[in-house]
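# An overview of the molecular structure
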Amino acid sequence: MSKPVDDGKRLFNPSRLKLARIRRKLTLKELAEKMGLSSRIVIEYEKDYCLYEPTPETVQVYASALKYPESFFFGDDVEAIDPLTVSFRSLRSTKAADQHAAIGAGALGVMLSEYFSTRFTLPQPELPNLRGGEPEVAAQAVREAWGIGKKSITNVVHLLEKHGVKVFWLSEETASIDAFSFWKDDVPYIFLNTRKSGERSRFDAAHELAHLVLHRHADVKGQDAEREADAFASAFLMPLENVMAVKMAFPTFDKIVQLKSLWKVSAMALIVRMRNLNMLTEWQYNSLMRDATAKGYRTGEPGGIERERSLIIEKMMTALAGNGFHLTQLSDELNVPLDELSSLLYGVAAISGGNSGTSLSRASLRLV
């Protein structure tokens, strides 16, 4: 099932094989069992300097087992994401396979982003470097830099995109990965889990923004970094002056539910913010938390807002569709499975028809 590589040039790309495998959350042993091969042979095919490359028949079996097109395994290296640069909030509760799969999604997101950047003029990154800054002050600084002032943020995803952050989504079968972010070639990326409520997804986006501006080129692992990111997100979404202006002599959970809509945050986030600003006594805080738990707000957000979606992705895909180029053609051109693209481009999966096969040169659409 192999043939020697004798011309110094190998078309089959082992790094793409590994990426497809980790995206499907398979170990080398599990993949070997699905293919009916020995683990030793599968390991050999993932080596950078393998003496043999798989035959067309073997590649076909790989494609069937991993549900990736055969063409995916032939091409340039997909830029790897350094795990040390990726922020994961719940490392202890996150399985290694889930982490690796998420980082694999990050690599596909970078590939997709680079594809779009060759066809559209997109906003350039405008994130201040606030490494080592105090979270509350840093949140105010970003608001000032972006001209928000003390206003409530209508849409966090749109705001991030406006300032050059590439936002994609994850449809992973795990709740332990809320979101993650990283810098790649001076471009900031954020990936959000589609299984979160609208309010909590907004907080996750602000939390990852914190990592991008506070922890750039730094170790983003550990509880201290997560606490700083939470504090930044809280201050970014709920400006101190606005929250302090709330007059609530006798705080009740019903009032919290009414107030949270002002900033489109979860009830839990608002309660914690008020406690941290010394607006609640310990008894009031505990009482509100009990009420939140009893009414289902600890694990969800009853009657919450709709999850935010990308404006830029919608505009780009609409422009492509106007030229007869749909998600199915994008899948064919990138050699990436449709389910992977549908996940990354959450909300545009419906734009999947068309069969013209039109290939676009750089589009005139300018998104600002």
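This report concerns the structure included in the present document. (Residues numbered from 1 in each chain as written. Predicted model: local features only at pLDDT ≥ 70, side-chain atom pairs only at ≥ 80, totals over all residues. Heavy atoms only, no water.)

Glancing now at the sheet that holds strand β3 (residues 166-170). Spatially, three strands are ordered β3-β5-β4 in an open sheet, and the strand pairing comes out mixed. The sheet is open, and its two borders are formed by β3 and β4 (179-184), each paired with just one other strand. On average, adjacent strands in this sheet sit at an angle of 20° to one another, irrespective of strand direction. Its contacts with the sheet place helix α5 (residues 96-117) against β3, β4 and β5 (187-193), and it is angled at close to 125° to β5. (Pairing = 2+ DSSP bridges. Helix = DSSP H or I, 4+ residues; strand = E, 2+ residues; numbered from the N terminus. Axes fitted to C-alpha atoms, helices over the stretch in contact; angles between N-to-C directions. Contact = heavy atoms within 4.5 Å.)

With that out of the way, let us pick up the packing of aromatic side chains. One pair of aromatic rings is described through two measures. These are the centre distance and the angle between the planes. Counted by the stated rule, this structure contains 17 aromatic pairs. Each ring, one from Tyr-45 and one from Tyr-62, has its centre 6.0 Å from the other, and the planes form 70°; the classification is edge-to-face. One end of the pair, Tyr-45, is in helix α3 (residues 39-45); the other, Tyr-62, is in helix α4 (residues 56-66), and 17 residues separate them in sequence. Using a relative accessible area of 0% as the deciding quantity, one classes Tyr-62 as buried. (Phe/Tyr/Trp six-rings, centres within 6.5 Å; stacked < 30°, edge-to-face > 60°. Buried < 20%, exposed > 50% of the residue type's maximum accessible area, 1.4 Å probe, protein only.)

Below, the discussion takes up unusual backbone geometry. The backbone of Lys-67 shows a phi angle near 60°, a positive value even though the residue is not glycine. Here Lys-67 is to be found in the loop between α4 and α5. For Lys-264, which is not glycine, the phi dihedral falls at a positive 55°. Mapped onto the elements, Lys-264 comes out in the loop between α11 (253-263) and α12 (267-276). Relative accessible area serves as the criterion here: at 28%, Lys-264 is assigned to the partly exposed category.

Counted residue by residue, β4 has six buried out of six residues, so it is predominantly covered. Both faces of β4 are covered, namely the face carrying Ala-179, Ser-181 and Trp-183 and the face carrying Phe-180, Phe-182 and Lys-184. Counting the residues in the hairpin turn of β4 and β5 gives two residues, including Asp-185, whose phi is positive at 55°.

What follows deals with the side chain of Arg-216. Relative to the helices and strands, Arg-216 resides in the loop between α8 (198-214) and α9 (223-237). At 2.8 Å, the side chain of Arg-216 and the side chain of Asp-186 are in polar contact. (Polar contact = N/O pair within 3.5 Å; in protein donor to acceptor, adjacent residues only side chain to side chain.)

Our next topic: the packing of α8 against α9. Taken N-terminus to C-terminus, the directions of α8 and α9 make an angle of 120°; their axes are 8 Å apart at the nearest point. By the angle between their directions, the pair α8 and α9 is classed as oblique. Note that α8 runs across α9; the crossing there is right-handed. On α9, the residues that touch Arg-202, Phe-203, Ala-206, His-207, Leu-209, Ala-210, His-211, Val-213 and Leu-214 of α8 are Ala-225, Glu-226, Glu-228, Ala-229, Asp-230, Phe-232, Ala-233, Ser-234, Phe-236 and Leu-237. (Parallel < 35°, antiparallel > 145°, perpendicular 65-115°, else oblique. Left-handed = near helix turned anticlockwise from the far one by under 90°.)

Below, the discussion takes up the nonpolar core. Membership of the largest hydrophobic core comes to 113 residues, with the highest contact counts inside it found for Phe-73, Phe-116, Phe-232, Phe-236, Leu-330 and Leu-345. For this core, the element with the highest residue contribution is α5, accounting for ten residues. In contact with Leu-330, other than residues within four places in its own chain, are Leu-112, Tyr-115, Phe-116, Met-317, Phe-325, Leu-341 and Leu-345. (Core = buried A, V, L, I, M, F, W, Y, C linked by side-chain atoms within 4.5 Å.)

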